[in-house]
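Overview (structure and organization)
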Amino acid sequence: GNNRDNNRYIQDVVDFYLNFDEDGRVVCLKRNGENAFRIIAYADGTENVVKDFEGNYHEEYLRSGDWLLNKKTLEMYNIMTAQTFTLSVENTNGFTPDLFVTDGSNVFLRGLSDGKAAIVLGKTDGACGCYYNDMFARVFAPAILSDGSVVVSVAADMEGSSYSVKIFSTEQQAATEDKN
């Protein structure tokens, strides 16, 4: 076409993630070969590498907002602040997440553990609990509320009718158990 200003385009962006840092640079995830990607900060046609990651993004990582989760190591990395946490999940039996939501303090994961549907609830800087139930395979659209509780939609059957369920964080469950 007539566009001669190719500096406005960033190619090989991964997962449609773009944000602006405090200096006004565009921050994005960008492919770096077949089995790697990187965080870059882009301004005035200059690309600055912030961090490199090994592994296939779509197979080995999940993203929630500005947070990345390595599905194998359960390490969380904040794209904008470089803050990291490694989740401590007890009794996981090879837990592999396929859904990840965090607000930076609380975390919700859904996945499989030893072939069984499971969820993980907890705090990013502390231990997380792993819970098992067949219905967890039908959990979708989780949201973490300001009080740390998690609301999810659960398909009632395989045809897709749904209802909502509130699941409490492990901290709130412990507080409730202490009162009884």
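Keep in mind that what you see is a predicted model, and the values were worked out from it rather than measured.

1. Description of the sheet that holds strand E11 (residues 106-113)
Taken together, the five strands give an open sheet; going across it, the order is E9-E13-E12-E11-E10, and neighbouring strands pair in mixed fashion. The two strands at the open ends of the sheet, each matched to only one other strand, are strand E9 (88-89) and strand E10 (96-102).

2. Remarks on the confidence of the model for the protein
This prediction gives the protein a mean pLDDT of 83; 84% of its residues lie at or above 70. In this model residues 172-180 is a low-confidence stretch, pLDDT under 50, and it forms five contacts with partners more than four residues away in sequence or in other chains.

3. Examining the pairing of E11
Counting buried residues in E11 gives seven out of eight residues, a clear majority hidden from the surface. Pairing between E10 and E11: six bridges, direction antiparallel. Among the inter-strand pairings, Val 101 is bridged to a residue of E11, identified as Phe 108. Of the pairings in the sheet, the one linking E11 to strand E12 (residues 116-123) comprises eight bridges and is antiparallel in character. Across the sheet, Val 107 pairs through a bridge with Gly 122, a residue of E12. Connecting the antiparallel pair E11 and E12 is a turn made up of two residues, with Asp 114 showing a positive phi of about 55 degrees.

4. Structural notes on the sheet that holds strand E4 (residues 46-54)
Spatial strand order, E1-E2-E3-E4: four strands in an open sheet with antiparallel pairing. At either end of the open sheet lies a strand with only one pairing partner, and these are strand E1 (13-20) and E4. Within the sheet, the average angular offset between the axes of one strand and its neighbour, ignoring direction, is 20 degrees. Where strand E3 (residues 36-43) meets E4, eight bridges bridge the pair, whose relative direction is antiparallel. Each bridged residue has a counterpart across the sheet, and for Ile 40 the counterpart in E4 is Val 49.

5. Digging into the environment of Val 26
Tracing the chain through its elements places Val 26 in strand E2 (residues 26-31). Each C-alpha atom, one on Val 26 and one on Ile 10, is 9.6 Å from the other, the two residues being 16 residues apart in sequence. The residues touching Val 26, leaving out its near neighbours within four places in the chain, are Ile 10, Leu 18, Asn 19, Phe 20, Ile 40, Ala 41 and Tyr 42.

6. Regarding the pattern of salt bridges
According to the stated counting rule, one finds seven salt bridges in the structure shown. Residue Arg 31 pairs with Asp 12 through a salt bridge whose shortest N-O separation is 2.8 Å. Remark: Asp 12 occurs in the segment before E1 and Arg 31 occurs in strand E2; sequence separation between them is 19 residues. Here Lys 30 ties to Glu 47 by a salt bridge, and the two come within 2.6 Å at their closest N and O atoms. Of this pair, Lys 30 sits in strand E2 while Glu 47 sits in strand E4, placing them 17 residues apart in sequence. Of the residues examined, Lys 30 reaches a relative accessible area of 14% and is grouped as buried.

7. Points about unusual backbone geometry
Within the chain, Ala 82 stands out as a residue other than glycine whose phi angle is a positive 70 degrees. If you trace the backbone, Ala 82 turns up in the loop between strand E7 (75-78) and strand E8 (84-86). Positive phi, normally seen in glycine, also occurs at Asp 114, with a value near 55 degrees. Within the element layout of this structure, Asp 114 appears in the loop between E11 and E12.

Reading guide: rules and limits
Residues numbered from 1 in each chain as written. Predicted model: local features only at pLDDT ≥ 70, side-chain atom pairs only at ≥ 80, totals over all residues. Heavy atoms only, no water. Pairing = 2+ DSSP bridges. Helix = DSSP H or I, 4+ residues; strand = E, 2+ residues; numbered from the N terminus. pLDDT = per-residue confidence, 0-100. Contact = heavy atoms within 4.5 Å. Buried < 20%, exposed > 50% of the residue type's maximum accessible area, 1.4 Å probe, protein only. Axes fitted to C-alpha atoms, helices over the stretch in contact; angles between N-to-C directions. Salt bridge = Lys/Arg side-chain N within 4 Å of Asp/Glu carboxyl O.

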